[in-house]
There are 2 protein chains.
Amino acid sequence: MKIGQLAKTVDLDIQTLRYYESQGLINEPQRLENGYRDYPQNSVERLRFIKKAKLVGFTLKEIKDLLAIQVTKDEHTCQEVKNFTQIKLDEINQKINELSEIKAALQKIHTSCCGGEETAAHCSILQALEN
Amino acid sequence: MKIGQLAKTVDLDIQTLRYYESQGLINEPQRLENGYRDYPQNSVERLRFIKKAKLVGFTLKEIKDLLAIQVTKDEHTCQEVKNFTQIKLDEINQKINELSEIKAALQKIHTSCCGGEETAAHCSILQALEN
DNA sequence: TTAAACCCTAAAGTGTACTAGAGGGTCAAA
DNA sequence: TTTGACCCTCTAGTACACTTTAGGGTTTAA
Ligand SMILES: [Zn+2]
Ligand SMILES: [Zn+2]
Ligand SMILES: [Zn+2]
Ligand SMILES: [Zn+2]
């Protein structure tokens, strides 16, 4: 399968596929006589794995590690795999908490501003940021 | 006040201060005879404003705009100011929602994994990512 | 006097995940 | 035969907010 076909199948850019190859996320495919990449069928599954993992918040580097486990499942344990998702969950929770704090702080000063059309000389938002 | 003193006072890197200057977030300070930057006292407040605004989720560009309003308060309205924070609040809410969705998806596959020490050949996390 | 601590500029590097551009070769159909 | 669609490599650009490096000059205390 040539790169254009693969790109269409998995709905990714041709450049993205070459980029993933350069980052070691997919193996270098064999080449046709003219130098074109010739992907095996399982490239489709591998790329779908990558897309799913991205969707649930993994970075490309993390996905690379995850793929290393996936292709040698027998040499790894559920524990190892679950560690990945646990760490990711912790990170996501932390980000949500940080954003929630920011939101609360912003909400507070937002609510106290009158929003009127007079000059902002007395604006409570600016005052809050000044202190 | 020289840059090192200011950096210590507001707890920012010297380079960061010069970077903020290059981005127009703080005015170019006067120079001493030897060429060293000599900051006025109000730089401290200005930088604290910037730090607070960053904490509340504004980008440097947005802070620049906000500062433009702040120094010419009389020419702007509360409405304008409140618009800024409203937009920011919307963005933060959207980010939280996105993260919550990712969290839910990840949580789901995470919970279904046994986490045991046997081989990951049957791991439901990997299976979820494969399909 | 000399060493540490401080200051300067300008340019390049960092991380993330691509995206775009230059410049060129290959293939199928009209 | 020529047009258009496809493929190749290599390099650079994108956004953001710094951080680092190189190569200097200045001040202060021992
Ligand atoms: Zn008002
Ligand atoms: Zn107001
Ligand atoms: Zn298991
Ligand atoms: Zn498992």
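See above for the structure.
Residues numbered from 1 in each chain as written. Chains lettered and ligands numbered in written order. Predicted model: local features only at pLDDT ≥ 70, side-chain atom pairs only at ≥ 80, totals over all residues. Heavy atoms only, no water.

Engineer: I'd like a description of the coordination of the zinc ion (ligand 1), backed by residues and values.
Structural biologist: Protein coordination of the zinc ion (ligand 1) is provided by A:C114 (SG), A:H122 (NE2) and B:C78 (SG), with donor distances spanning 2.1 to 2.2 Å. A separation of 3.6 Å is found between the zinc ion (ligand 1) and the zinc ion (ligand 2), which are bridged by B:C78. Pair noted here: A:H122 is in the loop between helix 5 (78-111) and helix 6 (124-130) and B:C78 is in helix 5 (residues 78-111), and the two residues belong to different chains. For A:H122, a relative accessible area of 39% puts it in the partly exposed group. (Donors = N, O, S within 2.8 Å, 3.2 Å for Na, K, Ca; no water. Helix = DSSP H or I, 4+ residues; strand = E, 2+ residues; numbered from the N terminus. Buried < 20%, exposed > 50% of the residue type's maximum accessible area, 1.4 Å probe, protein only.)

Engineer: Any chance you could break down the coordination of the zinc ion (ligand 4) for me, citing the residues and the numbers?
Structural biologist: Taken together, A:C78 (SG), B:C113 (SG) and B:C123 (SG) make up the protein donors of the zinc ion (ligand 4), found 2.2 to 2.4 Å from the metal. The exposure class assigned to B:C123 is buried, which follows from its relative accessible area of 0%.

Engineer: So, the protein's contact with DNA strand C: which residues are in play, and what are the values?
Structural biologist: The environment of DNA strand C is formed by 18 residues, the closest being A:Y19, A:Y20, B:R18, B:R31 and B:R37. Taking the atoms of DNA strand C that fall within 4 Å of the protein, sugar and phosphate contribute 78% of them. Side-chain polar atom of A:Y19 to a base nitrogen of DNA strand C: 3.3 Å apart, as the coordinates give it. Between DNA strand C and A:K54, the relevant distance is 3.3 Å, taken from a phosphate oxygen to a side-chain nitrogen or oxygen of the residue. Taken together, the elements giving at least two residues each to the surface near DNA strand C come down to helix 2 (14-22) of chain A together with helix 1 (3-10) and helix 2 (14-22) of chain B. (Near = heavy atom within 4 Å. Polar contact = N/O pair within 3.5 Å; in protein donor to acceptor, adjacent residues only side chain to side chain.)

Engineer: I'd love a proper account of the protein's contact with DNA strand D, names of residues and values included.
Structural biologist: Taken together, 18 residues are adjacent to DNA strand D, and A:G4, A:R18, A:R37, B:Y20 and B:Y36 come closest. Interatomic distance of 3.0 Å between a side-chain N/O atom of A:R31 and a phosphate oxygen of DNA strand D. Note that a phosphate oxygen of DNA strand D is positioned 3.3 Å from one of the side-chain N or O atoms of B:T16. Sorting elements by how many residues they give to the surface near DNA strand D places helix 2 of chain B first, with four residues. Of the residues belonging to the surface near DNA strand D, the class tally is seven nonpolar, six polar and five charged. (Nonpolar A, V, L, I, M, F, W, Y, C, P; charged D, E, K, R; others polar.)

Engineer: Go over the nonpolar core with me, naming the residues and quoting the values.
Structural biologist: Generally speaking, soluble globular proteins have nonpolar side chains that are buried together. Counting residues in each nonpolar core, the largest one holds 71 residues, and the members touching the most others are A:L47 and B:L47. Examining the composition of this core, we find that nine residues originate from one element, helix 5 of chain A, more than from any other. Residues contacting A:L47, with those up to four places away along its chain left out, are A:L6, A:V10, A:L12, A:L17, A:Y20 and A:I26. (Core = buried A, V, L, I, M, F, W, Y, C linked by side-chain atoms within 4.5 Å. Contact = heavy atoms within 4.5 Å.)

Engineer: Any chance you could break down the relation of the copies chain B and chain A for me, citing the residues and the numbers?
Structural biologist: When chain B is fitted to chain A, the best match, at an RMSD of 0.7 Å, comes from turning it 179 degrees and sliding it 0.1 Å along the axis. Taken together, these values place the two copies in the relation of a two-fold axis. Identified as the residue of chain B closest to the rotation axis by C-alpha distance is B:I96, at 3.2 Å. (Least-squares fit on C-alpha atoms with pLDDT ≥ 70 in both.)

Engineer: For the packing of aromatic side chains, give the residues involved together with the corresponding values.
Structural biologist: Residue and element names in this part refer to chain B. Per the counting criterion, the structure on display carries two aromatic pairs over all chains. Taken together, a centroid distance of 6.2 Å and an interplanar angle of 45 degrees make the contact between Y19 and Y20 tilted. Here Y19 falls in the partly exposed class, since its relative accessible area comes to 43%. On the basis of relative accessible area, Y20 is assigned to the buried category, the value being 5%. (Phe/Tyr/Trp six-rings, centres within 6.5 Å; stacked < 30°, edge-to-face > 60°.)

Engineer: Tell me about the interface of chain B and chain A, and please be specific about residues and values.
Structural biologist: Across the boundary between the two partners, chain B contributes 52 residues, which contact 52 residues of chain A. Taking both partners together, chain B and chain A bury about 4,800 Å²; carbon and sulfur atoms supply 70% of that area. Sorting the residues of chain B by area buried against chain A places B:C78, B:L106 and B:L129 first, and these three jointly supply 14% of that buried surface. Here A:K73 ties to B:E130 by a salt bridge, and the two come within 3.1 Å at their closest N and O atoms. Listed by contribution, the elements that provide at least two residues to the side of chain B that touches chain A are helix 3 (42-55), helix 4 (60-71), helix 5 and helix 6 (124-130) of chain B. (Buried area = accessible area lost by both parts, 1.4 Å probe. Salt bridge = Lys/Arg side-chain N within 4 Å of Asp/Glu carboxyl O.)

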